[in-house]
Amino acid sequence: MHRQTIIALMSAAVLAAIAGCDPDDSASRVVTVLSDKCSLDAINGKTDPLVRVKAGVVEFGGWAVDSTTNTVPATLQVFLKDSGSFSYSLEAPHRIDRPDVAAAFKQDGFLKSGFLFQADLSALKPGAYALSLKMPDDGRLVSCPVRKNLVIE
């Protein structure tokens, strides 16, 4: 009887692990924090709150930092969300120098806060998209809302 109990417990542990019921899954949890230090300055050179573009290659430029730690995460994504359940993420290939941002905040560490990149949006369906900036950083997701919307015609 004792052996059957051990086998049953081992089987339950294996099934729980396979099902993703590991009691210590803290390593897989991502904490989302908000930053208020960011700007999507321009889309295709336009600074308006609502920018209309043709489907195809679109340029995004701006800057973003993690205001909770006053650091610049290496990875930056422009996140597009339509009015339904569709969302799309564009990753900036690298960060660029923004001496104006570093000077404005008197933070030399903000120098590499900029981004400027092009992305092909021809695969996205026409319509309106709300935009935000996201920066994954060591188990955290730093989210920075921007007051810009994009309409793909």
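Residues numbered from 1 in each chain as written. Predicted model: local features only at pLDDT ≥ 70, side-chain atom pairs only at ≥ 80, totals over all residues. Heavy atoms only, no water.

Thoughts on the overall build of the protein
Selection rule: Under the DSSP-based scheme used, a helix requires at least four consecutive residues in state H or I and a strand at least two consecutive residues in state E, with every element numbered from the N terminus. A simple rule labels every residue: compare its accessible area, found with a 1.4 Å probe on the protein chains alone, to the largest value its type can have, and call it buried under 20%, exposed over 50%, or partly exposed in between. We call two residues in contact when some of their heavy atoms are within 4.5 Å.
Of regular secondary structure, the protein possesses two helices and nine strands. Ordered by position in the sequence, the α and β elements of the protein form the string α-β-β-β-β-β-β-α-β-β-β. In the protein, which comprises 153 residues, the proportion classed as buried is 35%. Of all intrachain contacts in the protein linking residues separated by at least 6 positions in sequence, the fraction that spans at least 24 positions is 64%.

A closer look at the sheet that holds strand β4 (residues 57–64)
Inclusion rule: Only strands joined by at least two bridges in the DSSP assignment are considered to pair. To get an axis, fit a line to the C-alpha atoms, keeping to the stretch in contact for a helix; angles then go from 0 to 180 degrees between the N-to-C directions.
Here three strands make up an open sheet; going across it, the order is β2-β4-β7 and the pairing antiparallel. Edge positions in the sheet fall to β2 (38–43) and β7 (114–120), since each has one partner strand and no second. Taking each pair of neighbouring strands and ignoring which way they run, the sheet shows an average axis angle of 25°. Of the pairings in the sheet, the one linking β2 to β4 comprises four bridges and is antiparallel in character. Pairing of Ile-43 across the sheet is with Phe-60, part of β4.

Re the side chain of Ser-113
What counts, and what does not: Counting of polar contacts relies on pairs of N or O atoms within 3.5 Å, with two restrictions inside protein: one atom must be capable of donating a hydrogen and the other of accepting it, and residues adjacent in sequence are counted only when both atoms are side-chain atoms.
Summarising the element assignment, Ser-113 is placed in the loop between α2 (99–105) and β7. Judged by relative accessible area, Ser-113 falls into the buried class, the value being 0%. Here Phe-110 takes part through its backbone oxygen, which lies 2.8 Å from a polar atom of the side chain of Ser-113. Residues in contact with Ser-113, not counting those within four places in the same chain, are Gly-62, Trp-63, Ala-64, Val-65, Val-72, Arg-95, Ile-96, Arg-98 and Val-101.

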